[in-house]
Amino acid sequence: MQTIPVSALQNPEGVSELCHKTAEPVRVEVDGRNDLVVMSLEVYRRLEPHAEARHLFEKLMNSPQYDFDQLKPSMLPKDEAGVYVIFLKDTGETLYVGRTKKLRRRLYTNHLMGPEANARLKKYLVTDERYPNITNMERAKEFIREHCAFRYLVEPDTDKRGRLEGLFAFLTNVRYIDEEH
């Protein structure tokens, strides 16, 4: 990334030419320190989705943490769709990333209380050799209750939920991912 002095802005055509020629943001230095960034509209449009992704990930990571051992259904929105990340409370390692049309039903009813058919995370825990004491669904439920927490983002758009699920899985280096079909 190139750096120009603030005085270069007195020649906007020259700065515009530099931005188009380099096809990347250009730093503007004021009093010896980086102060501004200028770029062509083409570069801005290319970078804009990255900025939105970064913003949404930060929003997720700064959202309230819900510990499964303290969870009550009333703590979650009843009919809101969203994307969620389930992680270990002690290390922060992400175990599972999912999306759903109904956050309360998925997180409380399915992941915590639900049967095997509705609880992929519990299935993963039962088959994970790192947890030899988790031998059945009940023990997996106890593990989730004692050791796991989650964060979520409300997102009504189905397509965007799918993209966010993949993005968050990648950015958190999720441990368990569904097998491809």
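Structural data are supplied above this passage.
One structure accompanies this document, and this report is about it. What you see is a predicted model; the values in this text were computed from it and never measured.

Scoring rules and cut-offs
Residues numbered from 1 in each chain as written. Predicted model: local features only at pLDDT ≥ 70, side-chain atom pairs only at ≥ 80, totals over all residues. Heavy atoms only, no water. Helix = DSSP H or I, 4+ residues; strand = E, 2+ residues; numbered from the N terminus. Rg over C-alpha atoms; globule rule 2.2 N^0.38 Å. Buried < 20%, exposed > 50% of the residue type's maximum accessible area, 1.4 Å probe, protein only. Areas by Shrake-Rupley, 256 points an atom, 1.4 Å probe, with all protein chains shown as cover. Patch = residues over 30% accessible without salt bridge, like charges linked within 9 Å, V, L, I, M, F, W, Y side chains within 5 Å. Salt bridge = Lys/Arg side-chain N within 4 Å of Asp/Glu carboxyl O. Core = buried A, V, L, I, M, F, W, Y, C linked by side-chain atoms within 4.5 Å. Contact = heavy atoms within 4.5 Å. Phe/Tyr/Trp six-rings, centres within 6.5 Å; stacked < 30°, edge-to-face > 60°. Axes fitted to C-alpha atoms, helices over the stretch in contact; angles between N-to-C directions. Parallel < 35°, antiparallel > 145°, perpendicular 65-115°, else oblique. Nonpolar A, V, L, I, M, F, W, Y, C, P; charged D, E, K, R; others polar.

### Considering the overall build of the protein
Within the protein, the secondary structure is distributed over six helices and seven strands. Moving toward the C terminus, one meets the helices and strands of the protein in the order β-α-β-β-α-β-β-β-α-α-α-β-α. Scaling as 2.2 N^0.38, a compact globule of 181 residues should have a C-alpha radius of gyration of about 16 Å, whereas the protein reaches 22 Å, well beyond that. In terms of principal-axis extent, the alpha carbons of the protein reach across some 70 × 35 × 35 Å. Counting across all 181 residues of the protein, residues that qualify as buried make up 37%. Approximately 11200 Å² of the protein is accessible, and the part contributed by carbon and sulfur atoms is 48%.

### Examining a nonpolar patch on the surface
Nonpolar side chains collect at one region of the surface, where Val 37, Met 39, Leu 41 and Tyr 44 lie side by side and expose about 350 Å² of accessible area between them. For Tyr 44, the location among the structural elements is in helix H2 (residues 41-61). Look at Tyr 44 and you get partly exposed, because its relative accessible area is 40%.

### Thoughts on the nonpolar core
Inside soluble globular proteins, nonpolar side chains tend to come together where they are buried. Judged by nonpolar contacts, the single largest core of 24 residues is most densely connected at Phe 68, Ile 86, Leu 121, Leu 125, Phe 143, Cys 148 and Phe 150. Within the residue set of this core, elements represented by two or more residues are strand S5 (82-88), strand S6 (94-100), helix H3 (103-112), helix H4 (120-127), helix H5 (137-147) and strand S7 (148-154). If sequence neighbours within four positions are ignored, Leu 125 has contacts with Tyr 131, Ile 134, Ala 140, Phe 143, Ile 144 and Tyr 176. Grouped together as the second largest cluster of nonpolar side chains are 12 residues, Leu 60, Val 85, Leu 153 and Phe 168 included.

### Points about the packing of aromatic side chains
Under the defined criterion, the tally for this structure stands at eight aromatic pairs. Ring centres of Phe 57 and Phe 168 lie 5.9 Å apart, and the angle between their planes is 45 degrees; this geometry places the pair in the tilted category. Highlighted residues: Phe 57 in helix H2 and Phe 168 in helix H6 (residues 158-172), separated in sequence by 111 residues. Ring geometry for Tyr 66 and Tyr 152: centres 5.6 Å apart, planes at 25 degrees, overall stacked. In this pair, Tyr 66 is assigned in strand S4 (residues 66-67) and Tyr 152 in strand S7, connecting sequence segments 86 residues apart. Accessibility expressed as a relative area gives 14% for Tyr 152, which makes it buried.

### Some remarks on the packing of H2 against H6
Two elements in contact, H2 and H6, have axes separated by 11 Å at closest approach and are oriented at 75 degrees. Between H2 and H6, the crossing angle belongs to the class labelled roughly perpendicular. Every residue of H6 that contacts H2 at Glu 52, Ala 53, Leu 56, Phe 57 and Leu 60 is listed here: Lys 160, Leu 164, Leu 167, Phe 168, Leu 171 and Thr 172. Taken together, the residues that form the contact of H2 with H6 break down as eight nonpolar, one polar and two charged.

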